[in-house]
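A closer look at the structure
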Amino acid sequence: MKALVIGATGATGKDLVNRLLQDQDFDEIKVFVRKPVEIQNDKLKVHIVDFDNPQEWKNEVRGDVVFSCLGTTLKAAGSKEAQKKVDFGYQYEFAKAAKENKVDDYILVSSYGADPKSKIFYSRMKGELEEAVKQLHFEKITIFQPGMLDRKDSERTGEVMGSRIIKFANRLGLLESQKPLPTDVLAKAMINSSKIKSNGYSSIKLGNIFGFAEKSNHTIM
């Protein structure tokens, strides 16, 4: 299979690409990034693009499955408008290009609580993206809605502190349903979902992602 990845330089994206490169079911991994990546591999094709100009890169969005895990923080973006441009705008334009180029399988990392009617900006933005990509009518859409992510070497102070608190509660037998999700586990679940032969829309939430990541190739093929 040929994989297309947007968000390859983030924590989830890095784990995803590493797993894809080791997976014999994938013979080509095309990543679309704003800056060069350090990893080199014969299976890896790197496209350095300006996401503000989809006309320059949209014809390269050809393959079997899209993995969309691009995202930024409000602090890094500088404003809600700038964050939405990345988290919604860039991902939607990429999804639209994939659909136009007849990619059948679309996999999106969204967020727990995503709701286009939410009063919370982040949750509303994620919900709006989910609804927008559904309207593109891919043959198969899988949306992951993780809660707290456990990222390697995270610089997101609030997320790191929140993860520590929940892990402490977990050790006391509390908040088990909100167990922080390692990005490597999320990446494995995403790849597993690409190997399921089905059509239509699926949403995978919180704790279910752990079980999904444990599915063997024999189970899902």
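Residues numbered from 1 in each chain as written. Predicted model: local features only at pLDDT ≥ 70, side-chain atom pairs only at ≥ 80, totals over all residues. Heavy atoms only, no water.

Section: the overall build of the chain
Note the threshold: Strands here are runs of E lasting at least two residues and helices are runs of H or I lasting at least four, both read from the DSSP assignment and numbered beginning at the N terminus. Relative accessibility decides the category of a residue: with a 1.4 Å probe and only protein chains considered, values under 20% of the type maximum give buried, values over 50% give exposed, and everything between is partly exposed.
Along the chain, the regular secondary structure elements total eight helices and nine strands. The 221 residues of the chain split such that 45% are buried.

Focus: helix H3 (residues 80-100)
A turn of α-helix holds 3.6 residues, and therefore any two residues three or four places apart point the same way. Basically, it comes down to this: What a helix is expected to span follows from its residue count: subtract one and scale by 1.5 Å. In this analysis the local bend is the angle between axes fitted, respectively, to the seven residues ending at and the seven residues starting at the residue. Should any heavy atoms of two residues lie within 4.5 Å, those residues are considered in contact.
Here H3 is 21 residues long and its end C-alpha atoms lie 29 Å apart, about the 30 Å a rise of 1.5 Å per residue gives. At valine 86, H3 is deflected by roughly 30 degrees, the largest bend along its length. Listing the buried residues of H3 in full gives Gln83, Val86, Asp87, Tyr90, Gln91, Phe94, Ala95, Ala97 and Ala98. Residues of H3 that are buried sit in contact with strand S1 (2-6), strand S2 (28-33), strand S4 (65-68), helix H2 (74-77), strand S5 (105-109) and helix H4 (121-134). In the stretch just after H3, lysine 102 is the one whose phi turns positive, near 65 degrees.

Points about the packing of helix H1 (residues 11-22) against helix H6 (residues 183-194)
Selection criterion: Between N-to-C directions, angles cover 0 to 180 degrees, with each direction set by a line fitted to C-alpha atoms, over the stretch in contact for helices. Roughly parallel refers to an angle under 35 degrees, roughly antiparallel to one over 145, roughly perpendicular to one between 65 and 115, and oblique to any angle outside these ranges. Definitions for this section: a left-handed crossing has its near helix turned counterclockwise from the far helix by less than a right angle. A right-handed crossing has that turn clockwise. Residues are sorted three ways: Asp, Glu, Lys and Arg are charged, Ala, Val, Leu, Ile, Met, Phe, Trp, Tyr, Cys and Pro are nonpolar, and all the rest, Gly among them, are polar.
Relative to each other, H1 and H6 sit at 55 degrees, their axes nearing to 8 Å. When the axis of H1 is compared with that of H6, the two are oblique. Crossing angle aside, the handedness with which H1 passes H6 is right-handed. Along its contact with H1, which presents Ala11, Thr12, Asp15, Leu16, Arg19 and Leu20, the element H6 presents Thr183, Asp184, Leu186, Ala187, Lys188, Met190 and Ile191. Of the residues that constitute the contact of H1 with H6, the class distribution is seven nonpolar, two polar and four charged.

Remarks on the sheet that holds strand S9 (residues 200-205)
Backbone-to-backbone hydrogen bonds pair the strands of a sheet. The strands run either parallel or antiparallel. Here is the rule: By this definition, two strands are paired if DSSP reports at least two bridges between them.
Pairing is parallel across the open sheet formed by seven strands, whose spatial order is S3-S2-S1-S4-S5-S6-S9. Whereas interior strands pair on both sides, the edge strands pair on one side only; in this sheet they are strand S3 (44-48) and S9. Direction aside, neighbouring strands of the sheet carry axes that sit 15 degrees apart on average. Note: S2 against S3, five bridges, orientation parallel. Bridge pairing in S3 links isoleucine 29 to leucine 44. Contacts from H3 reach S1, S2, S4 and S5, with the element oriented near 160 degrees to S1. Contacting S4, S5 and strand S6 (140-145), H6 runs over the sheet at an angle of about 165 degrees to S6.

Structural notes on the confidence of the model for the chain
Here is the rule: Scored between 0 and 100, pLDDT is the confidence that the predictor attaches to each residue.
Residue-level pLDDT values for the chain average 87, and 84% of them are 70 or greater. Per-residue pLDDT stays below 50 along residues 165-175; that stretch engages in 13 contacts with residues further than four places along the chain or on separate chains.

With respect to the nonpolar core
Rules: What is meant by a nonpolar core is a set of buried Ala, Val, Leu, Ile, Met, Phe, Trp, Tyr and Cys residues, joined one to another through side-chain atoms within 4.5 Å.
By size, the foremost hydrophobic cluster in this structure holds 30 residues, and its most contacted members are Val5, Leu16, Leu20, Ile29, Phe67 and Phe144. Sorting the residues of this core by element identifies S1, H1, S2, S4, S5, H6 and helix H7 (208-213) as the ones contributing at least two each. At five residues, the largest contribution of residues to this core is made by H6. Beyond its immediate chain neighbours, meaning those up to four positions away, leucine 20 contacts Ala3, Val5, Phe26, Ile29, Lys43, Phe67 and Ile191. The next biggest cluster of nonpolar side chains, apart from the first, holds 24 residues, and it includes Trp57, Val66, Val86 and Leu136.

Notes on the pattern of salt bridges
Where we set the bar: Put simply, a salt bridge is a Lys or Arg side-chain nitrogen that is within 4 Å of an Asp or Glu carboxyl oxygen.
Evaluation of the coordinates by the stated rule reveals 12 salt bridges. Here glutamate 128 ties to lysine 84 by a salt bridge, and the two come within 2.8 Å at their closest N and O atoms. Taken as a pair, glutamate 128 in helix H4 and lysine 84 in helix H3 lie far apart in primary sequence, 44 residues in all. Judged by relative accessible area, glutamate 128 falls into the partly exposed class, the value being 23%.

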